[in-house]
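# Chains, contacts and geometry: an overview
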Amino acid sequence: MSLLRSLRLYLAAWAGSCPAGPLLLQAPQPWHTFHTGPRLSSSASSKELLMKLRRKTGYSFVNCKKALETCGGDLKQAESWLHKQAQKEGWSRAAKLHGRKTKEGLIGLLQDGNTTVLVEVNCETDFVSRNLKFQQLVQQVALGTLLHCQNLKDQLSTYSKGFLNSSELSELPAGPEREGCLKDQLALAIGKLGENMTLKRAAWVKVPAGFYVGSYVHGAMHSPSLHNLVLGKYGALVICETSERKAGLEDLGRRLGQHVVGMAPLSVGSLDDEPGGEAETKMLSQPYLLDPSITLGQYVQPQGVSVVDFVRFECGEGEEAAEAE
């Protein structure tokens, strides 16, 4: 029954029970609202809470309102409730989408101090790989891998390199201010974007003094919220040894990374390898990508550095071969 109709009936009943005479006005009594369950009030503070929860979580107004009603207006509990509901939905959707091909995706490169990581996260379509939520997932995976690497207590006398497969990557902690493991973040992303996704692999490199890591990402785009994360379709790390830090090392490292991405060597080789034949797969004896008149070894030697190792990731690598089999 509407408020206006209730008021009319009340006045009609009151008028019928009063004796004839002048109408005496009395102070209005407070209205009481009764409901059978938790309800979010329409006050300005409640609307502000709703807007704040919406901005913080990105979930719809309907879901945010339901969360606040369920949690009695407690913002922190409402946020936790939303994440749990989304995770349940994500795991359910992930189970339904499991097995669908994930040929697209992104390579993420992240450097911090003496540690550098490469990660690959796959999805079904290039359209989803351009979505900010998917890129944030790649960012979380790169951060999780970086923290894992930095927590390894190893005494470095030379460089160290490691790889994580899909299962190992899934079990890594999600990082600061995130609950659960990376596989939980994957389920949330699947629930939001509606495509099958996989945490494909990761590689990490740590170097002591006397070494440095050159890097390159093809088709690079920078993460909007983490300035030193670079995203693309191909990525390479090149580990070099040098007796001293020289000007231009960053540019040299980028050129070496470009060569690894473009020429796809299988090993480093040595400066003594003759070009041609089997040596075509050895990095130092390959024609230099940016100047094919010389080998990469001939380009590197005058620079005063030694190439000792590299890592190359190509997005979707191995999927076509698996299909053919």
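Residues numbered from 1 in each chain as written. Predicted model: local features only at pLDDT ≥ 70, side-chain atom pairs only at ≥ 80, totals over all residues. Heavy atoms only, no water.

### Considering the pairing of strand β3 (residues 160-164)
For clarity, the threshold we go by: Partly exposed residues are those whose accessible area sits between 20% and 50% of the maximum for their type, while under 20% is buried and over 50% is exposed, using a 1.4 Å probe and protein chains only. Secondary structure elements follow DSSP: runs of H or I no shorter than four residues count as helices, runs of E no shorter than two count as strands, and numbering proceeds from the N terminus. Pairs of strands are assigned from DSSP output, requiring at least two bridges between the strands.
Residue alternation in β3 divides its side chains into a buried set, Ser-160, Gly-162 and Leu-164, and an unburied set, Lys-161 and Phe-163. Across five bridges, β3 lies against strand β4 (residues 197-206) in antiparallel orientation. Within β4, the residue paired with Leu-164 across the bridge is Ala-202.

### Notes on the side chain of Gln-258
For clarity, the threshold we go by: Contact definition: two residues touch when any of their heavy atoms are within 4.5 Å.
Along the chain, Gln-258 falls in helix α9 (residues 249-263). Those residues in contact with Gln-258 that lie beyond four places of it in its chain are Tyr-216, Leu-289 and Leu-290.

### Some details on the sheet that holds strand β7 (residues 229-232)
For clarity, the cut-off: Fitted lines through C-alpha atoms give the axes, limited to the stretch in contact for helices. The angle between two N-to-C directions lies from 0 to 180 degrees.
Sheet architecture is open: six strands sit in the order β3-β4-β2-β1-β7-β6, paired in antiparallel fashion. With partners counted over all chains shown, the strands left at the sheet margins are β3 and β6 (221-222), one partner each. In terms of strand pairing, strand β1 (residues 104-112) meets β7 through four bridges, oriented antiparallel. Along β7, the bridge assignment pairs Leu-110 with Leu-229. Each of β1, β2 (115-123), β3, β4, β6 and β7 touches helix α6 (residues 132-150); the most contacted strand, β2, lies at about 145 degrees to it.

### Considerations on the environment of Cys-64
Along the polypeptide, Cys-64 turns up in helix α3 (residues 61-70). Between the C-alpha atom of Cys-64 and that of Met-51, which follows or precedes it by 13 residues, the distance is 8.6 Å.

### Describing the pattern of salt bridges
For clarity, the cut-off: Counted as salt bridges are all cases of a side-chain nitrogen of Lys or Arg within 4 Å of a carboxyl oxygen of Asp or Glu.
Tallying each qualifying case throughout the model produces 13 salt bridges. The partner of Arg-130 in a salt bridge is Asp-126, and the shortest N-O contact between them spans 2.3 Å. Its relative accessible area of 52% is what places Arg-130 among the exposed residues. For the salt bridge of Asp-126 with Lys-233, the shortest nitrogen-to-oxygen distance reads 3.2 Å. Linking Asp-126 in helix α5 (residues 126-129) with Lys-233 in the loop between β7 and β8 (234-242), this pair joins segments that are 107 residues apart in sequence.

### Observations regarding the confidence of the model for the chain
Filter applied, for reference: For every residue, the predictor assigns a confidence score, pLDDT, that lies between 0 and 100.
Looking at the chain, the pLDDT average stands at 80 and 77% of residues meet or exceed 70. Confidence over residues 321-325 falls short of pLDDT 50; this stretch has two contacts with residues more than four positions distant or in other chains.

### Points about the pairing of β1
Judged from the nine bridges that link them, β1 and β2 form a sheet pairing that is antiparallel. By the bridge assignment for β2, Ile-107 is matched with Glu-120. Adjacent in sequence and paired antiparallel, β1 and β2 are bridged by two residues, among which Gly-113 carries a positive phi angle near 60 degrees.

### Looking at the state of the cysteines
For the record, the criterion: A pair of sulfur atoms, both from cysteines and within 2.5 Å, is called a disulfide here.
Tallied over the full model, the rule gives zero disulfides. Free of any disulfide, Cys-315 has its nearest cysteine sulfur in Cys-123, 7.4 Å distant.

### Structural notes on the nonpolar core
Across soluble globular proteins, nonpolar side chains have a tendency to be buried as a group. Put simply, the test is: In plain words, nonpolar cores are sets of buried Ala, Val, Leu, Ile, Met, Phe, Trp, Tyr and Cys residues tied together by side-chain atoms within 4.5 Å.
Grouped together as the largest cluster of nonpolar side chains are 28 residues, with contacts concentrated most on Phe-134, Val-141, Leu-169 and Met-197. Every element with two or more residues in this core is listed here: β1, β2, α6, α8 (182-193), β4 and β7. A total of seven residues in this core trace back to one element, the largest contributor, which is α6. Those residues within four positions of Leu-169 in sequence are excluded, and the remaining contacts are Val-141, Thr-145, Leu-164, Leu-182, Leu-199, Arg-201 and Ala-202.

### A word on the packing of aromatic side chains
Short version of the rule: Aromatic contacts are taken between Phe, Tyr and Trp rings whose centres are within 6.5 Å, Trp giving its six-membered ring; a plane angle under 30 degrees counts as stacked, one over 60 as edge-to-face, and the others as tilted. Note on geometry: a ring has a charge over it if NZ (lysine) or CZ (arginine) is within 6 Å of the ring centre and within 35 degrees of the ring normal.
One pass over the structure, following the stated rule, counts two aromatic pairs. Residues Tyr-159 and Phe-211 carry aromatic rings whose centres are separated by 6.1 Å and whose planes lie at 50 degrees to one another, so their mutual orientation is tilted. You can see Tyr-159 sitting in the loop between α6 and β3 and its partner Phe-211 sitting in strand β5 (residues 211-218), a full 52 residues away along the chain. Phe-211 sits in the buried class, given a relative accessible area of 12%. Seen in terms of ring centroids, Tyr-288 and Tyr-299 are 4.3 Å apart; in terms of plane orientation they differ by 10 degrees. Their pairing is stacked. One end of the pair, Tyr-288, is in strand β9 (residues 287-288); the other, Tyr-299, is in helix α10 (residues 296-300), and eleven residues separate them in sequence. Among the residues examined, Tyr-288 registers a relative accessible area of 3% and is labelled buried. Residue Tyr-299 is classed as buried on the basis of its relative accessible area, which comes to 16%. One cation-aromatic arrangement involves Arg-201 over Phe-313; the distance from NZ or CZ to the ring centre is 3.9 Å.

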